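# Structural features, examined
What follows is the residue order along each chain.
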Amino acid sequence: AKCMALARIAADLRTLREHPLAGIAAVPFGDDLWVWHFNIRGACGEHDGLIVHGVLKLGARYPSAPPEIRLCTGVPHPNVWRAADGAGF
């Protein structure tokens, strides 16, 4: 399964290089195909121009199992709170 996942990741990388997506950039971190960094640019509304950076961690079952995603940029949203804000449960 791990070899199949690597083959799919390599194919996805090749596709992104050949056909870039508007407002989205994603590349492996160094030589590690399992960890990618990405940037997404907001295109309209209150997030127009906002650039969000994040990290994808792909697993051996990719694409059957989704990657882990961690946003590194805070995104203001009324339904999202941080524990440091003192809100929530």
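Source: prediction; values computed, not measured. (Residues numbered from 1 in each chain as written. Predicted model: local features only at pLDDT ≥ 70, side-chain atom pairs only at ≥ 80, totals over all residues. Heavy atoms only, no water.)

## A few points about the overall build of the protein
- The helix and strand inventory of the protein stands at 1 helix and 4 strands.
- Taken from the N to the C terminus, the helices and strands of the protein come in the order α-β-β-β-β.
- For the protein, buried positions account for 20% of its 89 residues.
- For the protein, the accessible surface area stands at approximately 6800 Å², while carbon and sulfur atoms represent 60% of it. (Helix = DSSP H or I, 4+ residues; strand = E, 2+ residues; numbered from the N terminus. Buried < 20%, exposed > 50% of the residue type's maximum accessible area, 1.4 Å probe, protein only. Areas by Shrake-Rupley, 256 points an atom, 1.4 Å probe, with all protein chains shown as cover.)

## Regarding the sheet that holds strand S1 (residues 24-29)
- An order of S1-S2-S3-S4 is seen for the 4 strands of this open sheet, with the pairing classed as antiparallel. The open sheet is flanked by S1 and strand S4 (68-71), the only strands paired with a single partner. Pairs of neighbouring strands in the sheet enclose a mean axial angle of 25°, with direction left out of account.
- By the bridge criterion, 6 bridges tie S1 to strand S2 (residues 32-41) in an arrangement that is antiparallel. Bridge pairing in S2 places Phe29 opposite Asp32.
- Along the sheet face, helix H1 (residues 2-18) touches S1 and S2 and points at about 35° away from the line of S2. (Pairing = 2+ DSSP bridges. Axes fitted to C-alpha atoms, helices over the stretch in contact; angles between N-to-C directions. Contact = heavy atoms within 4.5 Å.)

## Observations regarding the environment of Thr73
- Structurally, Thr73 is set in the segment after S4.
- It is 5.3 Å that separates the C-alpha atoms of Thr73 and Val52, two residues lying 21 residues apart in sequence.
- Sequence-distant contacts of Thr73, that is, excluding residues within four places in its chain, are made with Ile51, Val52 and His53.
- Engagement of the side chain of Thr73 in a polar contact is seen with the backbone nitrogen of His53, the distance being 2.9 Å. (Polar contact = N/O pair within 3.5 Å; in protein donor to acceptor, adjacent residues only side chain to side chain.)

## Focus: the nonpolar core
- Ala5, Ile9, Leu13, Ala26, Trp34, Trp36, Phe38, Leu56, Leu58 and Tyr62 together form the largest nonpolar core, which totals 10 residues.
- In contact with Trp36, other than residues within four places in its own chain, are Ile9, Leu13, Leu16, Ala26, Val27, Pro28, Phe29, Gly54, Val55, Leu56 and Leu58. (Core = buried A, V, L, I, M, F, W, Y, C linked by side-chain atoms within 4.5 Å.)

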